Amino acid sequence: MEGINHYLRSKEDVQSIIEGVESGMREQLIAGLAGSARSLLVSIIRESINRPILLITYQLSQAQQLYDNLSIFTNNEGVYLYPINELMASEIAVASPELRSQRIEALTQWTRHNSGIMIRQSLL
């Protein structure tokens with residue numbers, strides 16, 4: 001795995017992304033990657049910079065898959081899932097104590113360490 005990371009880290013496009021973030025860019029949109037390729041790129045960026053990373057997905061299932069992949073690529077260090085229900089009405093009507101606890105734990109760890117990767121889905 002380290003060989004793939006080293007190879008990709010040396011690529012001009014990846015270096016451009018890392019240099020942009022390191023130079024103070026507050027956000028970065030990367031399109032065209034899916035599945036494990038996206039997770040691998042995010043893990044390489046995380047290794048290269050010491051800043052918190054927030055990833056937004058459209059569905060909880062996408063957030064869960066991204067979390068699972070990143071946990072493998074980062075040895076489950078500093079990857080947090082912030083799960084929310086698909087519909088806000090269901091969140092209000094049936095607030096799951098387990099999901100609420102997981103959200104609080106994710107936010108606490110992410111802010112305490114001021115680094116790592118937070119994954120959550122968009123409300124829109």
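A brief report on the enclosed structure follows. Keep in mind the model is a prediction, meaning the values are calculated, not measured.

Another point: helix H6 (residues 97–113). Over its 17 residues, H6 extends 24 Å from the first C-alpha to the last, a length consistent with the 24 Å expected when each residue adds 1.5 Å. Taken together, the buried positions of H6 are Leu99, Arg103, Ala106, Gln109 and Trp110. In a view along the axis of H6, the buried residues occupy a sector of 140 degrees, so they form one face of it. Exposed and facing more than 90 degrees away from the buried side of H6 are Pro97, Ile104, Thr111 and Arg112. Backbone geometry just after H6 places Asn114 at a positive phi near 50 degrees.

By volume, the largest pocket is sized at about 980 Å³. Forming the walls of the largest pocket are 26 residues, and the residues nearest its centre are Gln28, Leu29, Leu54, Leu55 and Ile56. Broken down by element, the residue count for the lining of the largest pocket peaks at 5 residues, all from strand S1 (residues 53–57). Within the lining of the largest pocket, the residues separate by chemical class into 18 nonpolar, 4 polar and 4 charged.

For the rest of this paragraph, the subject is the packing of helix H2 (residues 12–22) against helix H3 (residues 35–48). It is at 10 Å that the axes of H2 and H3 come closest, and there the two elements cross at 45 degrees. With respect to H3, the element H2 is oriented oblique. As for the relative orientation of H2 and H3, their crossing is right-handed in sense. Across the interface between the two elements, Val14, Ile17, Ile18 and Glu22 of H2 pack against Leu41, Ile44, Ile45 and Ser48 of H3. Tallied by class, the residues present in the contact of H2 with H3 amount to 6 nonpolar, 1 polar and 1 charged.

The strand order across the open sheet formed by 3 strands is S1-S3-S2, and the pairing between neighbours is parallel. Looking at strand neighbours, the two that pair on one side only are S1 and strand S2 (79–82), the edges of this open sheet. For this sheet, the mean inter-axis angle between neighbouring strands, taken without regard to orientation, is 20 degrees. Of the pairings in the sheet, the one linking S2 to strand S3 (residues 117–121) comprises 4 bridges and is parallel in character. Opposite Leu81, over in S3, you have Ile119 as the bridge partner.

Basis of the calculations
Residues numbered from 1 in each chain as written. Predicted model: local features only at pLDDT ≥ 70, side-chain atom pairs only at ≥ 80, totals over all residues. Heavy atoms only, no water. Helix = DSSP H or I, 4+ residues; strand = E, 2+ residues; numbered from the N terminus. Expected span 1.5 Å × (residues − 1). Buried < 20%, exposed > 50% of the residue type's maximum accessible area, 1.4 Å probe, protein only. Arc of directions from axis to C-beta. 1 Å grid on protein atoms, 1.4 Å probe; cavity = no way out; pocket = protein on both sides within 12 Å on 5 of 7 lines; lining within 4 Å. Points joined across faces, edges and corners; volume = space filled by probe spheres on them. Nonpolar A, V, L, I, M, F, W, Y, C, P; charged D, E, K, R; others polar. Axes fitted to C-alpha atoms, helices over the stretch in contact; angles between N-to-C directions. Parallel < 35°, antiparallel > 145°, perpendicular 65-115°, else oblique. Left-handed = near helix turned anticlockwise from the far one by under 90°. Contact = heavy atoms within 4.5 Å. Pairing = 2+ DSSP bridges.

From the geometry alone we can't say anything about function, so treat these as descriptive.
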